[in-house]
Amino acid sequence: MNASHFPLPDSACIRDNVQLALKEDIGSGDITAALIPADLPAKARVITREPGIFCGRPWVDEIFAQLSAEFGESVHLYWHVQDGSPIQANDL
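Residues numbered from 1 in each chain as written. Predicted model: local features only at pLDDT ≥ 70, side-chain atom pairs only at ≥ 80, totals over all residues. Heavy atoms only, no water.

J.: Help me understand the pattern of salt bridges, please; the structure alone is not making it clear to me.
T.: Side chains that differ in sign of charge can pair as their charged atoms come close. In this structure the tally under the stated criterion is two salt bridges. One salt bridge in this structure joins R15 and D16, with 3.3 Å as the shortest N-O distance. When the shortest N-O distance is used, the salt bridge between D61 and R57 registers 3.4 Å. Of this pair, D61 and R57 both sit in helix α2 (residues 57-71), separated by four residues, roughly a single helical turn. (Salt bridge = Lys/Arg side-chain N within 4 Å of Asp/Glu carboxyl O. Helix = DSSP H or I, 4+ residues; strand = E, 2+ residues; numbered from the N terminus.)

Written as structure tokens, this is what we have:
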């Protein structure tokens, strides 16, 4: 089945989903974030473990948009795949 068969929620719904998730996740602090010194830039790569279909990019983009707005930090995301694209184990 093609990803176009599943339309995305509107941007307000995605924004609200992310707001609720961030409130729950960082409301009392995120212990893993403490592993990165606050005064240093961080860099990360996400690598798949299993084959599948990539989905969720609008939520990830919104997460970083909200965090950037909240904390005044700049975030640069470089996507190597689009929603609905097949992915293999160890893809970046």
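J.: It is not clear to me how the packing of aromatic side chains should be interpreted in this structure. Could you clarify?
T.: Each aromatic ring pair is described using two quantities: the centre-to-centre distance and the angle formed by the ring planes. Under the criterion given, the structure shown has one aromatic pair. Residues F54 and W79 carry aromatic rings whose centres are separated by 5.6 Å and whose planes lie at 55° to one another, so their mutual orientation is tilted. Note that F54 is positioned in the loop between β1 (52-53) and α2 and W79 in the loop between α2 and β2 (86-87), a separation of 25 residues in sequence. Owing to a relative accessible area of 25%, W79 belongs among the partly exposed residues under this scheme. (Phe/Tyr/Trp six-rings, centres within 6.5 Å; stacked < 30°, edge-to-face > 60°. Buried < 20%, exposed > 50% of the residue type's maximum accessible area, 1.4 Å probe, protein only.)

J.: Got a minute to help me understand a nonpolar patch on the surface in this structure?
T.: Taken together, the side chains of F64, V75 and L77 define a hydrophobic patch exposed on the protein surface, amounting to about 210 Å² of accessible area. Mapping F64 onto the fold places it in helix α2. (Patch = residues over 30% accessible without salt bridge, like charges linked within 9 Å, V, L, I, M, F, W, Y side chains within 5 Å. Areas by Shrake-Rupley, 256 points an atom, 1.4 Å probe, with all protein chains shown as cover.)

J.: Any chance you could explain α2 here in plain terms?
T.: Between its first and last C-alpha, α2 extends 21 Å over 15 residues, near the 21 Å set by a 1.5 Å rise per residue. For α2, the complete set of buried residues consists of E62, Q66 and S68. One side of α2 carries all its buried residues, which in axial view fall inside an arc of 160°. At its buried positions, α2 is contacted by α1 (11-26). Just beyond α2, the residue with positive phi is G72, at close to 70°. (Expected span 1.5 Å × (residues − 1). Arc of directions from axis to C-beta. Contact = heavy atoms within 4.5 Å.)

J.: What should I look at first to understand the environment of Q66 in this one?
T.: Following the sequence through the fold, Q66 ends up in helix α2. The buried category is assigned to Q66, whose relative accessible area is 16%. Along the sequence, Q66 and V18 sit 48 residues apart, while their C-alpha atoms lie 8.2 Å from each other. When near neighbours in sequence (up to four residues on either side) are disregarded, Q66 contacts R15, V18, Q19 and L22.

J.: How should the environment of G56 be read in this particular structure?
T.: Here G56 shows up in the loop between β1 and α2. Overall, G56 belongs to the buried group, its relative accessible area being 18%. On a C-alpha basis, the gap between G56 and G84 in space is 9.2 Å, while along the polypeptide they are 28 residues apart.

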